[in-house]
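Coordinates in review
As a plain string of letters, each chain reads:
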Amino acid sequence: MPAKDKDKKGRGQIERAGDFVREIRSELRKVVWPTRQQAINLTLIVIGVSAGVGIFLGLVDLTFTEMFRAILQ
């Protein structure tokens, strides 16, 4: 194995990949996951806000379109 593939401790890529996966699993165990109801509520909020912003931007676009149409006629 070429020297550049080893880290300072002399470990190769396979060992480092294994360490990486173990560290990921360790960090995921620390995560506080939302309850099902919290996830549903937050999803509904995101959908509602997205729809509201979409409607607002659609109205702004319609307003400017009509303004430019009136100016150009």
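Keep in mind that this is a model prediction, so the values were computed, not measured.

Bringing the overall build of the protein into the picture now. In terms of regular secondary structure, the protein is built from two helices and zero strands. Surface accessibility of the protein: about 6,900 Å² in total, with carbon and sulfur atoms responsible for 67%.

It is possible for side chains of opposite charge to pair when their charged atoms get near one another. Considering all chains together, one arrives at three salt bridges under this definition. In this structure, the salt-bridge partner of Asp19 is Arg22, at a minimum N-O distance of 2.6 Å. With Asp19 and Arg22 both in helix 1 (residues 13–30), this residue pair falls three residues apart, about one helical turn. Among the residues examined, Arg22 registers a relative accessible area of 53% and is labelled exposed. One salt bridge in this structure joins Glu66 and Arg69, with 3.0 Å as the shortest N-O distance. Residue Glu66 and its partner Arg69 are both found in helix 2 (residues 36–72); the two are separated by three residues, about one turn of the helix. You can call Arg69 partly exposed: its relative accessible area is 45%.

Now for a nonpolar patch on the surface. Taken together, the side chains of Phe20, Val21, Ile24, Leu28, Val31 and Trp33 define a hydrophobic patch exposed on the protein surface, amounting to about 600 Å² of accessible area. Mapped onto the fold, Ile24 is located in helix 1. When its relative accessible area of 37% is taken as the criterion, Ile24 is described as partly exposed.

Cut-offs and rules
Position labels on residues start from 1 in each chain and follow its written sequence. With the structure being a predicted model, the display of local features is reserved for residues of pLDDT at least 70 and the display and counting of side-chain atom pairs for 80 or more, all residues being used for whole-chain, interface and lining totals. Side-chain figures throughout are based on the complete set of non-hydrogen atoms in the structure, without hydrogens or water. A helix here means a DSSP run of H or I that spans at least four residues, while a strand means a run of E at least two residues long, and both kinds are numbered starting from the N terminus. Areas reported as accessible are Shrake-Rupley estimates using a 1.4 Å probe. Residue values count occlusion only from the protein chains shown. Salt bridges are counted wherever a side-chain nitrogen of Lys or Arg sits within 4 Å of a carboxyl oxygen of Asp or Glu. Burial here depends on accessible area, computed with a 1.4 Å probe over protein chains only, as a share of the maximum for the residue type. Under 20% is buried, over 50% is exposed, and the range in between is partly exposed. Like charges are joined within 9 Å and nonpolar side chains (Val, Leu, Ile, Met, Phe, Trp, Tyr) within 5 Å, but only among residues with over 30% relative accessible area and no salt bridge; these make up the patches.

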